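Architecture at a glance
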Amino acid sequence: MGYATAELFLREGARVAITGRSREKGRRAVRSLRKHGEVIYIQGDVSIAADAKRMVSETVGQFGRVDILFNNAGIYVEKTAEDTTEEEWDRVMDINVKGTFLVSKYAIPHMKKKRSGVIVNNSSDAGLIGNRSCPAYCASKGAVTIMTKAMALDYAKYGIRVNSVNPGAIDTPMLVREAEASADPAEYLRRTDAESPIGRVGRPEEVARAVLFLASEESSFVTGAALSIDGGMTAQ
């Protein structure tokens, strides 16, 4: 989803900084994305305050400003409460919740200075309803959804809009890993498709288009929203 969003924003003329923990994956992404526009990679872990601050400062140093922040980093643990370790719980919370908080914390002052900006947080359908066998993930994404609304209220007076996208099952490497961890990967993917009212999982570019909408003037009166992109799952 992050790659698809970066590609779409580059096509729309934005200058883009992408971040992540893996230097090799980041450099590979930049090599692939460079044909679409100006893009840089900044290595770091969003759950570490010094890294989050540096990501923002290097972006501003390179581009002179930060107009849009897409908080997309996230991890998933598929275990029940009794099987989830304390370390797994903390890691999910650190990346999904604390990471979203930290990068926003350091980006917001730059947006306040120019009294404009957009933050889009990647939450989940699990941030709106409960899903089976992932209480840590559900708790983290519920926190992201409500944190989004709180931040929208705090910063509306500065011209900063804050919204979340709440995807359902999307065809990403994370979904593939979930399938491969199951007893029957092919059946897992078939069942995931069948569970969607639309009859299939989503595509990363469908999430990217929603992020673009929320970042654009087309959504100038939208803040504090949680936009479901889930094929109708949370409508049931």
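These lines cover the structure that appears in this document, whether it is placed above or below. None of the values given here were measured: they were computed from a predicted structure.

**Here's the deal with the sheet that holds strand β4 (residues 117–122)**
Across the sheet, which stays open at both edges, the four strands sit in the order β3-β4-β5-β6 with parallel pairing between neighbours. Edge strands, defined here as strands with exactly one partner in the open sheet, are β3 (68–71) and β6 (226–229). The mean inter-strand angle of the sheet, taken between neighbouring strand axes irrespective of direction, is 20°. As paired strands, strand β5 (residues 160–167) and β6 are joined by four bridges and run parallel to one another. Its bridge partner lying in β6, Asn-166 is registered against Ser-228.

**Notes on the pattern of salt bridges**
Once their charged atoms are close, side chains differing in charge can pair, the charge on each being opposite to the other. As enumerated under the stated definition, the model contains 13 salt bridges in all. In this structure, Arg-54 engages Glu-58 in a salt bridge whose closest nitrogen and oxygen atoms are separated by 3.6 Å. Remark: Glu-58 and Arg-54 occur in helix α3 (residues 49–63); sequence separation between them is four residues, near one turn of the helix. Take Glu-58: its relative accessible area is 36%, and that puts it in the partly exposed class. A salt bridge links Asp-67 to Lys-114, with the shortest nitrogen-to-oxygen separation between them at 3.0 Å. Highlighted residues: Asp-67 in the loop between α3 and β3 and Lys-114 in helix α4 (residues 86–114), separated in sequence by 47 residues.

**Observations concerning the packing of aromatic side chains**
Inspection of the entire model under this criterion finds two aromatic pairs. Measuring from centroid to centroid gives 4.9 Å for Tyr-76 and Tyr-137, while their planes differ by 75°, and the two rings are edge-to-face. Here the residue Tyr-76 occupies a position in the loop between β3 and α4, and Tyr-137 occupies one in helix α5 (residues 135–155), the gap between them amounting to 61 residues. Residue Tyr-137 is classed as buried on the basis of its relative accessible area of 12%. Between Tyr-155 and Tyr-158, the aromatic rings sit 6.1 Å apart at their centres with planes inclined by 40°, giving tilted as the arrangement. When its relative accessible area of 21% is taken as the criterion, Tyr-155 is described as partly exposed.

**Brief notes about the side chain of Asp-125**
Within the fold, Asp-125 resides in the loop between β4 and α5. Lys-141 is the oppositely charged side chain nearest to the buried, salt-bridge-free Asp-125, at an N-O distance of 9.4 Å. Excluding anything up to four places from it in sequence, Asp-125 contacts Asn-131, Asn-166, Pro-167, Gly-168, Asp-230, Met-233 and Thr-234.

Rules behind the numbers
- Residues numbered from 1 in each chain as written.
- Predicted model: local features only at pLDDT ≥ 70, side-chain atom pairs only at ≥ 80, totals over all residues.
- Heavy atoms only, no water.
- Pairing = 2+ DSSP bridges.
- Helix = DSSP H or I, 4+ residues; strand = E, 2+ residues; numbered from the N terminus.
- Axes fitted to C-alpha atoms, helices over the stretch in contact; angles between N-to-C directions.
- Salt bridge = Lys/Arg side-chain N within 4 Å of Asp/Glu carboxyl O.
- Buried < 20%, exposed > 50% of the residue type's maximum accessible area, 1.4 Å probe, protein only.
- Phe/Tyr/Trp six-rings, centres within 6.5 Å; stacked < 30°, edge-to-face > 60°.
- Lys, Arg positive; Asp, Glu negative; His and termini not counted.
- Contact = heavy atoms within 4.5 Å.

Taken by themselves, the reported measurements are silent on function.
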